[in-house]
Structure formats: structure tokens, C-alpha cells
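# Fold and geometry: a report
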Amino acid sequence: MVATSPAAPAPPGVPAPSPGPVRVAQTWLHRTVWARLAALLALPLTWLVLIYLVPLALLFVTALWSTDSFTGLVVRELTFENYRDIFTEPAFLLTVLRTVVVAATVTVLCALIALPMGFFMSRVASPRWRPLLLALVLTPLWAAYLVKVYAWRTILSPSGPAADVLGWFGLSAPGYGLGAVVLVLTYLWLPYMVLPVHTALSAMPESLVDAAADLGARPWRTFRDVMLPVIWPALVAGSIFTFSLSLGDYITVQLVGGTRQMLGNVVYQNFSVNLPFAAAMATLPVVVMVGYLLAVRRTGALENL
Amino acid sequence: MTLTRPVKWLFGAFMTLGLAFIYVPLAVVVLNSFNASTTFAWPPTQLTLRWWQAAFANEGVRTALWTSVQLAALATLVALVLGTLAAMALTRYDFFGRDVVSLLFVLPIALPGIVTGIALNNVFTSYLGGLTFATLVIGHATFCIVVVINNAAARLRRTAPSLEEASMDLGATRARTFRLVTLPALRSALFAGGLLAFGLSFDEIIVTTFTAGPGVQTLPLWIFQNLFRPNQAPIVNAVAAFLVLVSIVPIYLANRLSGGAALAAQR
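Residues numbered from 1 in each chain as written. Chains lettered and ligands numbered in written order. Predicted model: local features only at pLDDT ≥ 70, side-chain atom pairs only at ≥ 80, totals over all residues.

## A short note on the overall build of chain A
What counts here: Put simply, DSSP H or I for four residues or longer makes a helix, DSSP E for two residues or longer makes a strand, and each gets a number counted from the N terminus. C-alpha atoms define the radius of gyration, and 2.2 Å times the number of residues to the power 0.38 defines the globule rule. Throughout, a pair of residues is in contact if the C-beta atoms placed from their backbones lie within 7 Å.
The secondary structure content of chain A amounts to 13 helices and two strands. Computed over the C-alpha atoms, the radius of gyration of chain A is 27 Å, more than 25% above the 19 Å expected from 2.2 N^0.38 for a compact globule of 305 residues. Principal axes of the C-alpha set define a box for chain A whose edges measure 100 × 70 × 35 Å. Once local pairs closer than 6 in sequence are excluded, the contacts in chain A between residues at least 24 apart make up 69%.

## As for the domain arrangement of chain A
Residue and element names in this part refer to chain A. Selection criterion: Residue ranges assigned to the domains are those given by an automatic or database domain assignment.
For chain A, the assigned domains are domain 1 (25–75) and domain 2 (89–304). If you average the C-alpha positions of domain 1 and of domain 2, the two centres end up 31 Å apart. Opposite the nine residues of domain 1 that make contact, domain 2 presents nine residues. Where the side of domain 1 that touches domain 2 is concerned, the elements lending two or more residues are α2 (33–62) and β1 (66–67).

## Side note on the interface of chain A and chain B
For clarity, the threshold we go by: In this classification, Asp, Glu, Lys and Arg are treated as charged, Ala, Val, Leu, Ile, Met, Phe, Trp, Tyr, Cys and Pro as nonpolar, and every other residue, Gly included, as polar.
Contacts between the two partners involve 79 residues from chain A and, on the opposite side, 72 residues from chain B. Considering only residue class, the side of chain A that touches chain B consists of 63 nonpolar, 13 polar and three charged.

## Points about the packing of helix α5 (residues 113–126) of chain B against helix α6 (residues 133–158) of chain B
Residues and elements named next belong to chain B. Put simply, the test is: For every element, the axis is a line fit to its C-alpha atoms; helices are fit only across the contacting stretch, and the angle between N-to-C directions ranges from 0 to 180 degrees. In a left-handed crossing the near helix is turned counterclockwise from the far helix by less than a right angle, and in a right-handed crossing that turn is clockwise.
At their nearest, the axes of α5 and α6 sit 11 Å apart, and the two run at 145° to each other. In the packing of α5 onto α6, the handedness of the crossing is right-handed. Contacts between α5 and α6 pair T116, L120 and F124 from the former with T135, G139, T142 and F143 from the latter. When its residues are assigned to classes, the contact of α5 with α6 shows three nonpolar, four polar and no charged.

## A word on the packing of helix α8 (residues 178–203) of chain A against helix α10 (residues 219–248) of chain A
Residues and elements named next belong to chain A. Rules: Should an angle fall under 35 degrees it is called roughly parallel, over 145 degrees roughly antiparallel, and 65 to 115 degrees roughly perpendicular, with every other angle called oblique.
It is at 8 Å that the axes of α8 and α10 come closest, and there the two elements cross at 160°. When the axes of α8 and α10 are compared, the pair comes out roughly antiparallel. α8 and α10 meet at a crossing whose hand is right-handed. Packed against α8, whose contacting residues are L185, W189, Y192, M193, P196, V197, T199, A200 and L201, the element α10 presents V230, I231, A234, L235, A237, G238, F241, T242, L245 and S246 at the interface. Residues of the contact of α8 with α10, tallied by class, amount to 15 nonpolar, four polar and no charged.

## Let's talk about helix α4 (residues 98–110) of chain B
Using the following cut-off: A helix is expected to span 1.5 Å multiplied by its residue count minus one.
Helix length check: α4(B) (13 residues) gives 18 Å between terminal C-alpha atoms against 18 Å at 1.5 Å per residue, within 8%. Check the buried side of α4(B) and you find it contacts α2, α10 and α13 (275–296) of chain A together with α3 (59–92), α5 and α6 of chain B.

## What about the environment of A54(B)?
Residues and elements named next belong to chain B. As for its placement among the helices and strands, A54 is situated in helix α2 (residues 50–57). C-alpha separation for the pair A54 and R229, spaced 175 residues apart in sequence, amounts to 16 Å. What A54 contacts, discounting residues up to four positions off in sequence, is P234, I235 and A238.

## Some thoughts on helix α10 (residues 219–226) of chain B
To be explicit about the condition: We call a residue exposed when 12 or fewer other C-beta atoms sit within 10 Å of its C-beta, buried when the count reaches 20 or more, and partly exposed for counts in between; the C-beta positions come from the backbone.
Most of α10(B) is tucked away: six of the eight residues are buried. The secondary structure elements touched by the buried residues of α10(B) are α6 (145–156) of chain A together with α3, α8 (174–203), α9 (206–211) and α11 (233–246) of chain B.

Structure (C-alpha cells):
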């Protein structure tokens, strides 16, 4: 599309009709690559900058302001008070650490479940069943988030099915708490991990695996040295979602977390009373995620999103 | 790869367990919506359709459902227009900073919803005069654009630009080429992207909480506000079950209309 065709010369003897303004504009646009690019990018880029990047930048600015404890109004003066509070107050620091540990655990669990499932769906199951299995795994993605959390709240409630079933074996139900949060978040984000892993495994040529086997590699070795490097970008792509979605979640924590809190809860509770502090708290996942995105850019994971 | 029979069985068993893990909670919700006991004694001893009737008759539920549909439709529309433009720029042109621009477009779904939510809330309430239904649409459209870009860009990378060049060599203007060549090639990808955007918006609650104006209630917001009211629990159950059953519709649509393209597309 970058190549431009030269305008056809007018046939001799016939006076060239003078082109209308629309035609002139079209010709100019056709010949000017940067103008076309600008026309395409103008709207989406303006939207992205004005509605996303500017507010994001203002969030970082607001994080450096403070709230007057008497009037409750935002004081627009530069201070590092909020960050000092977060990093010196053990309760906040613990919440941040707990959030990162939960998000990392959820990501690892999703990967551990998604690998064998994706492997079965793409390589072991008979080809006739594969589309159905994929549909079965993906359908819950469309079921409402809140409904799924609510389902687990019902299941894990003190008189719910989990308590019942575990009761038959003489066990007591774990109930609400951090374990429940990890369980429910793993449940919620699992399809986000299964999907890229399945896609990568389906696209991997069978000959690669065969070659490894022919050269005497045992299944584990084949997995570790041949399959894992191929599907690594897909795993990383999935992890971006599982990790990020877990980092910011506060509703699951509210519904099944018992008395436990995560970073999102602190942001939610503070945003109407102490906006600068909530903003400072909310910048932490931004820094973590942008760092993560930059770190994994080379794996090619971002093309797998 | 040749796997021994027991190993295959092992993977099969794991898959079955995985699917059970996925579907048991959804089944519990659906079953509970027919549970005649008001305290939801488990297992249910008697079944009833009463809660479903009550949910359908509920004014709040119906208003919220309509708000959610309008919101998702508007956000999807904005996302389709902006996403198609961005996808064409990112795939058909090579320009300085293209990688950075694509990374920036991914940010709204790569960053937690609470970040988008509080950043927009801060700007709308502190500088732009408050929250309305429009601010909610803007918030949703921002994260919906990405899924349209991803779907459209994937398709554009697979369709050779030579088709478009041929069209223009034959004298078609750019507008005509877009209408007759590019758009038909993109149609199913845009359908898949639009479907995903609609689903994403319909279901969203975190950005919604931070950007919805006073009095604006989407279906997820309605559920959340009634979740802790014991006397509303039967209706919440029925609405939840309704949403579980409705989630089959987009998968069905995607299969029928685009030959499974939406299934392979990522959210």
C-alpha cells in the first residue's frame, strides 16, 4: 500500500477535465502516506491519550498530593506522605505483599491446570472432540463474573454444598478466607490461561515432538526442552491476564475473603475519603504491570494477547 | 507423540476433573434458582419456578438489564469504529514508535480494572463535572477498543495487502476499496471482536463502579447491591442463573455466524 501508482497521462488531443475538490483530496491522500496514517490514527490515538493516558498520568500526580484531615479536601501540594505511609505502615505493606503473593499463586495454579488441559484438548483427545472441548472450556468466560463469585460464595458458605460434601468424609469446610480467594480467582481466570496454551499447542508441529522422541528424549525431557520453549510466549500472555486481574480484584475478596483484604479493597475504601492515598495505592499495580510488560516484551507474548 | 494408554487416561481424567471444576459452581447456581426453600437448604428438597417469575417481574432487574444492553451496545459501537481504524494503521503501515503505540493500546486490559476505574473517576469528578451515563460508556469503550484491535489486526495480518492494491489499480477509490475489499475480509473478525466487546462490557463491574453516574444501575451493579440483602436472595439467584444460561448465546452465535472464529479469538 506504500507504493503509489503514477497518475495516467491524459490522452493526446483531449483536454483533461479539471478534477473536482474531492478528487484532488483523494489523489493527495493516495500519494501522501503520512496523511493516510494520520487519518487512521487520529481518532483512536486521541481517545487513548485523552481518555486513558492523561487520566493515568493525573493519577500519579494525585498520588503526590494529600488530604486535609480536618476539611477532607485535597491539598494540591507535592508530598511523598502517601508512599511513606504505604511503605512504613506494616498493615499496608502486608496487604501489598499479600496481594502480590496471591496474584502469583493464582497465576502458577492456572498454568499448572491449563498445561495438562490444553495438552489433552489439542493433542490427546480425538480430533472430533477437540472443538467441543474448547467450547466447553470457553463458555464460562461468558458467564457473568459476579455470578461465578456468587456461586462460590454459596458453595463455600458454612451451610453450603462444600461443607456438606466434606462433612461426609468427616472434614470441615475451609470457609471464607485467603484460601477461598486463591481458589475463586484461579477459577475465574483459568480460561484466560487455557486459551493461549491450547492455541500454542495446536499450532506446534507434530514433527518437533516426534523428532525429540526419535532422538531418544523421554516425555518429560520432550516437554521441558521442546514443548515448553514453544508455548512459553502463550504462558506469559496468559499470565499477564491472570496476574493483572488478580492484582486489582476487590470484589472476590469482599465476597469470599472473610476478613482478609487485598490492595483493591484499600483503594476502594479510600477513594471517596482520601483520594490521593487511594491513587498512590493504585499506582503500585501500574508500576508492577508495566514492569512486567516491558520484561516480557522480548518473549513475543504481547503478540499472543 | 505416542503416549501409552495409561498416560492418555491420566490426561483424560485430569480434563474431566477440570471440566467438573468449571461447571459444578455454575450448576449449583442454576439448581439453586429452582430451590423452593427460602434459606436455600442444601441439597434442595423441592423445586419451584417462583423465583424466576419474581425476577422477571422485578422492575429494578428489568431497568438494570436494559441499561446494561444499551451501555454494551454503545461501547461496542465506539470500539468497533476506533478499533478498526487503529488496527488498519498498526498492520498496514510501518512507522516510528509503532511498537510503543501497540503496547499503549493494550494497557487498558493489561492493567487491573481498578486502575482504569480510579483514574477515570478522578478526572471525571475532579475536573469534568461529575459522572453520568456517558462517562460509563466512555470507560467501557476504552477497554473494549483493545479486543476489536486484536481481532481485526490478526485478520489483517493474514489478508495480503495485494487484494487492496489490486482494487485500487483497477480504479477504485480508497473508500470504495475499504467498502468492497477490506471490510468483507474483516467482517467475521469484527463480528467476533464486537461480540467479545459486548460480553466484556455487559459483565464488567469494577470500572463500572467507578464511572457510573448516580442513579445509573447496570445488571452487575444491581446484583452486587442486592447480594447482601437476605430477602432479595431468591431473585438474585434467579438473575444469576439467567445470566449463566444466557452465556451460551454468544458461543452459539459465534459458531453459527463465523465458523468458530470468535471461539479462537481471545478475550
